[in-house]
Amino acid sequence: MKPQSPAVYRHPWMIVALLVPVALLNYLDRQMLASMKFSVMRDISDIGLEANWGAILALFKWVYAFLSPVGGYIADRYSRRHVIAGSLLVWSAVTWTTGHVTTYEQLLWTRALMGISEAFYIPAALALIADFHTGHTRSRAVGLHQMGIYVGVIIGGFGGYAADHPALGWRWAFELCGLIGILYAVPLFLLIRNAPRAVDGLPARPSPAGAVRELAANPSFVLLVLYFTLPALAGWIVRDWMPAILKAEFNIGQGLAGVSATLYWQTAAIAGALVGGWLADRWMRKSPRGRIYVSAIGMSLIVPAMFGVGYAPQTGLLWVAIAFLILFGIGWGFFDSNNMPILCQIARPELRATGYGIMNLVSISCGGFADWGFGALRDRHVPLFGIFGVFASAAIISIVLVLLIRPRYTEPTVAPAPH
């Protein structure tokens, strides 16, 4: 194979560059609600109980989870480009609408609609990146895309300050972010491209039932689904509840709580994704299990981090909680940058978005129950250390699961030129 020209080599990275802002908006639009919790509950008084707030968070996840395999299958069956741009346009319109709700029921509906529209993005985007990055750049490319997610969560963490500002407020933030997404959808659609589909003798476009049967019959895929799910329970609680936890446990303002709950660990996750992606790509040159080993290392950092986050309120020191959140972020970056690359080693290209959608279905459904259950346990004053101890135990099981995965597909050393 001839070396690629610089212009051709840059094109796969252009795909990542175009998708990073979309990933940022995808998680910014989700995270803002968590950081603005107290302002929203004060403005929409019929929300009432913590369990109702947990139900708002959970409903988004359940709808998102249920439709993720559908979005993934459509991206595998038709055009990843159309799925990505259309998803951005619709969820941005829903984000703008969220700024105009006045009741608990209306907020539930907008979160459900947000779940429908956002379910189509992540499986399609990660599969498209994997289509272009077929060699030893895959973990780095996915890691760079995930950086957009982490930056979106960080910016969303500042939403508490916007909500508290008398000239802005939480409604203004939703309206602004919605308009930005609607405007970006147009150039995204014009610039992004699908990768060529390879023909490998297998049916390129399996039926929905055929796709599910093929994936379910793959033991390594079943292990990956479980591995993807267990640590996500802790990840959703940290994203959705940590601003409220820090405000309540350390008696700080909503703005400082939102920033403290997102800025430090998401910055650490950026570093973890960059280092974890680079390390996995290098390790793959020596062993086809390189990505698996790096992901397991990340999970081994998440375990003590969860115990530490649960124990931190007993010290009365905010910096202790932040320190363990940073450790969690580093581990999460290692984990997050390698999930799709590991999937690419055990499932053929025509099933990648569908497979990731199924992973989301199981993981986020359980995350929705975790959100609801956490709110109910907080209403019953269950100690944080006990709750996070359960999450840490689940992460320990995850380490064993990922090490049992057996890669089936090798990766070329040079990505093919797009046509």
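Our subject is the structure listed above.
Residues numbered from 1 in each chain as written. Predicted model: local features only at pLDDT ≥ 70, side-chain atom pairs only at ≥ 80, totals over all residues. Heavy atoms only, no water.

Caption draft 1: Structural detail: the pattern of salt bridges. Tallied over the full model, the rule gives eight salt bridges. Of the charged contacts in the structure, one is a salt bridge between Arg80 and Asp76, with a shortest N-O distance of 2.8 Å. The two residues Arg80 and Asp76 agree in class, both being buried. Notably, a salt bridge pairs Glu214 with Arg348, separated by 2.9 Å at the nearest N-O pair. Of this pair, Glu214 sits in helix H10 (residues 208–216) while Arg348 sits in the loop between helix H16 (339–346) and helix H17 (352–379), and the two are 134 residues apart along the sequence. Overall, the relative accessible area of 1% leaves Arg348 in the buried class. Shared partners join several salt bridges into a network, and the residues in it are Asp76, Arg80, Asp131 and Arg352. (Salt bridge = Lys/Arg side-chain N within 4 Å of Asp/Glu carboxyl O. Buried < 20%, exposed > 50% of the residue type's maximum accessible area, 1.4 Å probe, protein only. Helix = DSSP H or I, 4+ residues; strand = E, 2+ residues; numbered from the N terminus.)

Caption draft 2: Layout of empty space enclosed by the protein. For the structure shown, the criterion picks out six cavities of 30 Å³ or more. Forming the walls of the largest cavity are 16 residues, and the residues nearest its centre are Tyr27, Phe228, Asp336, Tyr356 and Asn360. Looking at the lining of the largest cavity, the elements that each hand over two or more residues are helix H7 (138–157), helix H11 (219–250), helix H15 (318–336) and H17. Residue classes in the lining of the largest cavity are distributed as eleven nonpolar, three polar and two charged. (1 Å grid on protein atoms, 1.4 Å probe; cavity = no way out; pocket = protein on both sides within 12 Å on 5 of 7 lines; lining within 4 Å. Points joined across faces, edges and corners; volume = space filled by probe spheres on them. Nonpolar A, V, L, I, M, F, W, Y, C, P; charged D, E, K, R; others polar.)

Caption draft 3: Molecular detail of the packing of H17 against helix H18 (residues 384–403). Running from amino to carboxyl end, H17 crosses H18 at an angle of 155 degrees, the nearest separation of the two axes being 11 Å. It follows that H17 is roughly antiparallel to H18 by the angle criterion. For the pair H17 and H18, the sense of crossing is right-handed. Along its contact with H17, which presents Phe374, Leu377 and Arg378, the element H18 presents Leu384, Ile387 and Phe388. (Axes fitted to C-alpha atoms, helices over the stretch in contact; angles between N-to-C directions. Parallel < 35°, antiparallel > 145°, perpendicular 65-115°, else oblique. Left-handed = near helix turned anticlockwise from the far one by under 90°. Contact = heavy atoms within 4.5 Å.)

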